[in-house]
Amino acid sequence: AAAAAGGGAPPCRVLRTWRLCSDHSSSTPPPAVSVARYYDGRGEARLDDGAGDVSALAAADGLVVVTHNPLDLTRPPPHLGSGFTDVWRAVPSQSGDASAPPELAPLRRLREHTAPLYACAIGGGLIATGGDDNTVRLWPAGTEAERVYWLALTDVAVALGRIGLQMYSAAFDAAGYLDLESLQRMDASQRAEVAKATGMKHGHARKFEKYGLDASAPSYYSYSRWSNDAGASLQTLQLPGKVWALALDCHLLVAGGALSVDGEGGHICVMLFDVVRLAAGRGAATALRTLRAQSHARQWGVRSVATHGG
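So, how was this worked out
Residues numbered from 1 in each chain as written. Predicted model: local features only at pLDDT ≥ 70, side-chain atom pairs only at ≥ 80, totals over all residues. Heavy atoms only, no water. Salt bridge = Lys/Arg side-chain N within 4 Å of Asp/Glu carboxyl O. Helix = DSSP H or I, 4+ residues; strand = E, 2+ residues; numbered from the N terminus. Buried < 20%, exposed > 50% of the residue type's maximum accessible area, 1.4 Å probe, protein only. Phe/Tyr/Trp six-rings, centres within 6.5 Å; stacked < 30°, edge-to-face > 60°. Lys NZ or Arg CZ within 6 Å of the ring centre and 35° of its normal. Arc of directions from axis to C-beta. Contact = heavy atoms within 4.5 Å. Pairing = 2+ DSSP bridges. Axes fitted to C-alpha atoms, helices over the stretch in contact; angles between N-to-C directions.

**Observations concerning the pattern of salt bridges**
Thought 1: This model, assessed by the stated rule, comprises four salt bridges.
Thought 2: A salt bridge links Glu112 to Arg137; the nearest nitrogen and oxygen atoms lie 2.8 Å apart. Of the two residues, Glu112 is situated in the loop between β7 (103-110) and β8 (117-123) and Arg137 in strand β10 (residues 135-140); the sequence distance between them amounts to 25 residues.
Thought 3: The buried category is assigned to Arg137, whose relative accessible area is 13%.
Thought 4: Measuring nitrogen to oxygen at the nearest pair gives 4.0 Å for the salt bridge that ties Glu181 to Arg185. Here the residue Glu181 and the residue Arg185 both occupy positions in helix α4 (residues 180-185), the gap between them amounting to four residues, near one helical turn. Neither Glu181 nor Arg185 differs from the other in exposure class; each is exposed.

Here is the structure:
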């Protein structure tokens, strides 16, 4: 089992994964050795304090889903722009420790929402995202081609991906550099020969010569690695208010937030949707029912929902 956590402390945004101990009585904290850093579009420059924080996390089926709200000074306080969602794939750790947490490799970036995001969920082959634009958007969790690609990755390809040089995986394969341990034992001059044989660009070659396949190499994942060609969402659900909480399983989507009923606010309101046909590619998600109760709270709304086993 692995757990993921996100935070917004400056100067950069960080995701960490933990390998949870099977011995729950152990007083030794689980190792937090898997780290993925966010960088801006200029390459290795870290995001500054106003770039927007991680706002929601979900994890299942080897994926970690993260929503962000970037800074937009043209909008009223708190100056948050249209949220976006990053999807990470968990890949085997290259540390040599079988008990180590998986590494996180960036997979896709999802952009359609027109306001900040505060909820995401994953389950049943779908990803759900929601926020202040009063919508829930449903996306495929991953294509079959993506799943086959990540399952087929060699150890060398994974190691290259961890230092941002995954674009040379095919060249390493073609040149016969398939043994990870041999590559890790090389000195700088030998790595220079490898860089030349695999056609690395000057900057990439210098980085490889200096660090090799060492996980301490800077800039694990730059934004240029994200696929912005993720395709459109499968379906958009228009809800009667802001969406602050989502839960998803193989047949049911649960949505909560500042939802009004019949134009009236001040209620606890949760909406349920059937997603079976959408997940199977045979139709659309459909509304099932609305759970409603009078709220006596001054600031009404639903901040958390969950579903399990019907």
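More follows now that the structure is in view.
**Quick look at the packing of aromatic side chains**
Thought 1: As enumerated under the stated definition, the model contains two aromatic pairs in all.
Thought 2: Through successive ring pairs, a cluster of aromatic residues spans Phe172, Tyr177 and Phe208.
Thought 3: In this structure, Arg111 is placed above the aromatic ring of Phe84, and the distance from its NZ or CZ to the ring centre is 4.7 Å.
Thought 4: The positively charged end of Arg303 is found above the aromatic ring belonging to Trp244, 3.8 Å away from the centroid.

**Description of helix α6 (residues 202-211)**
Thought 1: Within the sequence span of α6, burial applies to Ala205, Lys207 and Phe208. The buried residues of α6 all sit within an arc of 165° when viewed along its axis, so they share a single face. In α6, the exposed positions angled more than 90 degrees off the buried face are occupied by His202, Arg206 and Lys210.
Thought 2: Turning to α6, the residues buried within the fold contact α3 (169-174) and α5 (188-197).
Thought 3: Following α6 by one or two positions, Gly212 adopts a phi angle in the positive range, close to 65°.

**Notes on the sheet that holds strand β6 (residues 84-91)**
Backbone-to-backbone hydrogen bonds pair the strands of a sheet. The strands run either parallel or antiparallel.
Thought 1: Strands sit in the order β4-β5-β6-β7 across an open sheet of four strands; the sheet is antiparallel. Two strands bound the open sheet, and with one partner strand each, they are β4 (54-60) and β7. Averaged over all adjacent pairs, the angle separating strand axes in this sheet is 25°, with direction ignored.
Thought 2: Sheet topology note: the strand β5 (residues 63-68)/β6 ladder contains six bridges and is antiparallel. Bridge pairing links His68 to Phe84 in β6.

**Observations concerning the sheet that holds strand β14 (residues 267-274)**
Thought 1: In space, the four strands of this open sheet follow the order β12-β13-β14-β15, with antiparallel pairing throughout. In the strand order of this sheet, the two ends are held by β12 (241-248) and β15 (286-294), each with one partner. Looking at each pair of strands side by side, their axes are set apart by 25° on average, direction ignored.
Thought 2: Strand direction decides the pairing type here: β14 and β15, joined by eight bridges, are antiparallel.

**A short note on the pairing of β6**
Thought 1: Of all eight residues making up β6, seven are buried, and the element is well covered by its neighbours.
Thought 2: Where β6 lies against β7, seven bridges are found, and the strand directions are antiparallel. Counterpart to Thr85 in the pairing with β7 is Leu110.

**What to know about α5**
Along an α-helix, residues three or four apart share an orientation, since each turn contains 3.6 residues.
Thought 1: Every buried residue of α5 is accounted for by Arg191, Val194 and Ala195. For α5, the arc enclosing every buried residue in end-on projection is 100°, short of the 170-degree limit, so these residues lie on one face. Of the exposed residues in α5, those oriented more than 90 degrees away from the buried face are Glu193 and Lys196.
Thought 2: Contacts from the buried residues of α5 go to α3, α4 and α6.

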